[in-house]
Amino acid sequence: MSNIDLSQIITADAKQSKRRDRRTTLVKAECRRRIFAAASDTAQTNITAASSADLLDAQQKVAWVAALGWVQAMRAACLPLIEDPQADVTHDSAWPDLPEGVAELIEQF
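So, here's what we can say about the structure.

Rules used in this analysis
- Residues numbered from 1 in each chain as written.
- Predicted model: local features only at pLDDT ≥ 70, side-chain atom pairs only at ≥ 80, totals over all residues.
- Heavy atoms only, no water.
- Helix = DSSP H or I, 4+ residues; strand = E, 2+ residues; numbered from the N terminus.
- Polar contact = N/O pair within 3.5 Å; in protein donor to acceptor, adjacent residues only side chain to side chain.
- Contact = heavy atoms within 4.5 Å.
- 1 Å grid on protein atoms, 1.4 Å probe; cavity = no way out; pocket = protein on both sides within 12 Å on 5 of 7 lines; lining within 4 Å.
- Points joined across faces, edges and corners; volume = space filled by probe spheres on them.
- Nonpolar A, V, L, I, M, F, W, Y, C, P; charged D, E, K, R; others polar.
- Salt bridge = Lys/Arg side-chain N within 4 Å of Asp/Glu carboxyl O.
- Buried < 20%, exposed > 50% of the residue type's maximum accessible area, 1.4 Å probe, protein only.

1. A word on the side chain of Gln60
Counting through the fold element by element, Gln60 comes out in helix α3 (residues 58-83). In terms of polar contacts, Gln60 uses its side chain to reach the side chain of Gln108, at 2.4 Å. Beyond its immediate stretch of four places on either side in the chain, Gln60 contacts Leu55, Leu105, Gln108 and Phe109.

2. A short note on the layout of surface pockets
Taken as a whole, the largest pocket holds about 170 Å³ of empty space. The wall of the largest pocket is formed by Gln16, Arg19, Arg20, Arg22, Arg23, Ile82, Glu83 and Pro85. Listing elements by their share of the lining of the largest pocket, those giving two or more residues are α1 (12-38) and α3. Per element, the largest residue contribution to the lining of the largest pocket is 5 residues, and it comes from α1. Within the lining of the largest pocket, the residues separate by chemical class into 2 nonpolar, 1 polar and 5 charged. What lines the second largest pocket is simply Asp57, Gln59, Gln60, Val62, Ala63, Glu100, Gly101, Glu104, Leu105 and Gln108. Top contributing element to the lining of the second largest pocket by residue count: α3, with 4 residues. When the residues that make up the lining of the second largest pocket are grouped by side-chain class, the tally is 3 nonpolar, 4 polar and 3 charged.

3. Comments concerning the pattern of salt bridges
Side-chain pairs of opposite charge can arise where the charged atoms are in close proximity. Using the criterion set out here, one finds 5 salt bridges in the structure. A salt bridge links Asp92 to Arg34; its shortest N-O distance comes to 3.0 Å. With a gap of 58 residues between them, Asp92 in the loop between α3 and α4 (102-107) and Arg34 in helix α1 connect regions that are remote in the sequence. What makes Arg34 buried here is its relative accessible area of 13%. For the salt bridge of Lys61 with Asp54, the shortest nitrogen-to-oxygen distance reads 3.0 Å.

So far we have only geometry, and geometry alone does not tell us how the molecule works.
Structure, rendered in structure tokens:
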């Protein structure tokens, strides 16, 4: 009788899956950090409320649409960073720039 518990064997696939899960968590956390660094939860909530109540002026609406597009671009940037374990997720060039006018909108809220 063997003392080896075969149910405890870690396969190469399991190791790869665990590395990918860790990388996914790392990249998504950096994406989230960058989004919240640009606009706090409070600012996002207040802008959303103002938009829902149709209280944004034309310029603010343009900036808000740009901000939402930027968030989508940030999320889209995650997959290539997850797929490339050598990519530096902390480097600004790995992420889309905040569109013009968005920082000014956020400052108002």
